[in-house]
Amino acid sequence: MSGGVGEETSDQRSNDEALVLALPIARELKRKIAAERQLTATVGIAANKLLAKLASDFKKPDGLTLIPEREKVQFLRPLPVRAIHGVGRVTEEILNTAGLLKIGDLQDYKGDLRALVGSFAAQLRAFAFGEDDRPLALDDKIKSISSEETFLHDTEDRKILKKSLSEQAADVAAKLERKQLAAQTVQVKLRYGDFTTLTRQITVEEPITKAEEIYRLACFLLARERLVSRPLRLLGLGVSNLDLPVGRQLVLW
DNA sequence: TCTGGGGTCCTAGGACCC
DNA sequence: TCTGGGGTCCTAGGACCC
């Protein structure tokens, strides 16, 4: 890399030429969506995921925004810190309290971001300058499956809770079946009337697939610590540690 | 958003093993 | 064993995303 501030590097130039090549593709996509679905679509073109997402958020609806590499730092400056991927309510609050409101403030910040956001600091700083080397995640591997129900009225009625849990177990098992997966970990989630939320999970050696097995383990978790000691607002159930069901693992051969 | 549902990722503590 | 250090696994909670 060579070139000082404000000077266009050859890297940037070739990147931007590549981005421009995407314009006709984007226009064609929008045209097709409009023709076939009667819908508008907003497309963002940029050199990485972070910027492409911001670009696609930029002129809704029916927009088409390209962020050239040489303009990305300026493009980001006026946006609120919250626009950055990974900055949610809590992090936004922390940054704002430190006087960092816009992404430009982050770019100019001379202090140590680690004191504010811990291990997210390096990533956050890179994002503020539009740098993002995260690879595209093209695998669609599922890591967990879950279901939950918020009750109309808080309840500790065993009949209602059991029915809810068993329906959820059936949902989760159906999805496992559809995806041809088995689970080794079952988790329950509870929320009480005061919004206190807790989870309990158990990992078993033998991967499970059936609704009854999931349901039993969930009941065990609830019973073990007598968690249903007061009315619940929410009850949830999930599985993780997913893999091919035993007996299917060698099916390929 | 006094708060719906389904996900992912990260962190921290404890158990356990060598 | 009134114990050091480390690695790994499991568990629980929280932040965040769509």
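Because the structure is a prediction, the values reported are computed rather than measured.

A. Here's a closer look at the protein's contact with DNA strand B. Around DNA strand B, the structure places Ser119, Ile142, Lys143, Ser144, Ile145, Ser146, Ser147, Glu148, Glu149, Thr150, Phe195 and Leu234. Taken together, the residues of the surface near DNA strand B break down into four nonpolar, five polar and three charged.

B. Representation of the sheet that holds strand β5 (residues 197-208). Strand order across the open sheet formed by four strands is β3-β6-β4-β5, with antiparallel pairing between neighbours. The open sheet has two free edges, formed respectively by β3 (144-155) and β5, since each of these has just one partner strand. Within this sheet the neighbouring strands show an average axis-to-axis angle of 15°, counted without direction. Pairing geometry for strand β4 (residues 182-192) and strand β6 (residues 232-243), over 10 bridges, is antiparallel. From the neighbouring strand, Arg191 faces β6, where its bridge partner is Leu234. Contacting β3, β4 and β6, helix α9 (residues 158-179) crosses the sheet at an angle of about 160° to β3. Here helix α10 (residues 211-224) sits on the sheet in contact with β4, β5 and β6, set at roughly 45° to β4.

C. Up close: the confidence of the model for chain A. For chain A, per-residue confidence averages 89 on the pLDDT scale, and 94% of positions sit at 70 or higher. The low-confidence segment residues 1-5, where pLDDT is below 50, has four contacts with residues more than four positions distant or belonging to other chains.

D. Seen up close, helix α8 (residues 121-128). Considered for burial, the residues of α8 that qualify are Leu124, Phe127 and Ala128. The buried residues of α8 occupy an angular sector of 100° when the element is viewed end-on, so they sit on one face. For α8, the secondary structure elements touched by its buried residues are α3 (49-58), α4 (72-76), α6 (103-108) and α7 (114-117). Positive phi appears at Gly130, one or two residues downstream of α8, with a value of about 80°.

E. Structural context of the protein's contact with DNA strand C. Taken together, 16 residues surround DNA strand C, and among them Gly88, Val90, Thr91, Leu198 and Thr203 come closest. Element by element, the count of residues in the surface near DNA strand C is highest for β5, at seven residues. Its residues assigned to classes, the surface near DNA strand C comprises four nonpolar, nine polar and three charged.

F. Summary view of unusual backbone geometry. Its identity as a non-glycine residue notwithstanding, Gln38 has a phi of 55°, on the positive side. Note that Gln38 resides in the loop between α2 (23-37) and β1 (43-45). Unusually for a residue other than glycine, Phe195 sits at a positive phi of about 75°. For Phe195, the location among the structural elements is in the loop between β4 and β5. Judged by the 8 C-beta atoms lying within 10 Å of it, Phe195 is exposed.

Definitions and limits used
Residue positions are counted from 1 within each chain, in the order its sequence is given. Whichever chain is written first is A, and whichever ligand is written first is 1; the rest continue in order. Under the rules for a predicted model, residues below a pLDDT of 70 receive no local features and side-chain atom pairs below 80 are neither given nor counted, while totals for whole chains, interfaces and linings still include all residues. Put plainly, near means the residue's C-beta atom, positioned from the backbone, lies within 6 Å of the molecule or strand in question. Polar here means any residue other than Ala, Val, Leu, Ile, Met, Phe, Trp, Tyr, Cys and Pro, which are nonpolar, and Asp, Glu, Lys and Arg, which are charged; Gly is therefore polar. Strand pairing is assigned whenever DSSP detects at least two bridges linking the two strands. Working definition: helices are DSSP H or I runs of at least four residues, strands are E runs of at least two. Numbering for both runs from the N terminus. A fitted line through C-alpha atoms represents every axis, and for helices the fit uses only the stretch in contact; the resulting angles, taken between N-to-C directions, go from 0 to 180 degrees. For the purpose of contact definition, each residue receives a C-beta atom placed from its backbone, and two residues are in contact when these atoms lie within 7 Å. pLDDT expresses how confident the predictor is about each individual residue, on a scale running from 0 to 100. With C-beta atoms placed from the backbone, the exposure class of a residue follows from how many other C-beta atoms lie within 10 Å of its own: 20 or more, buried; 12 or fewer, exposed; in between, partly exposed. This arc is taken over the directions from the axis of the helix to the C-beta atoms.

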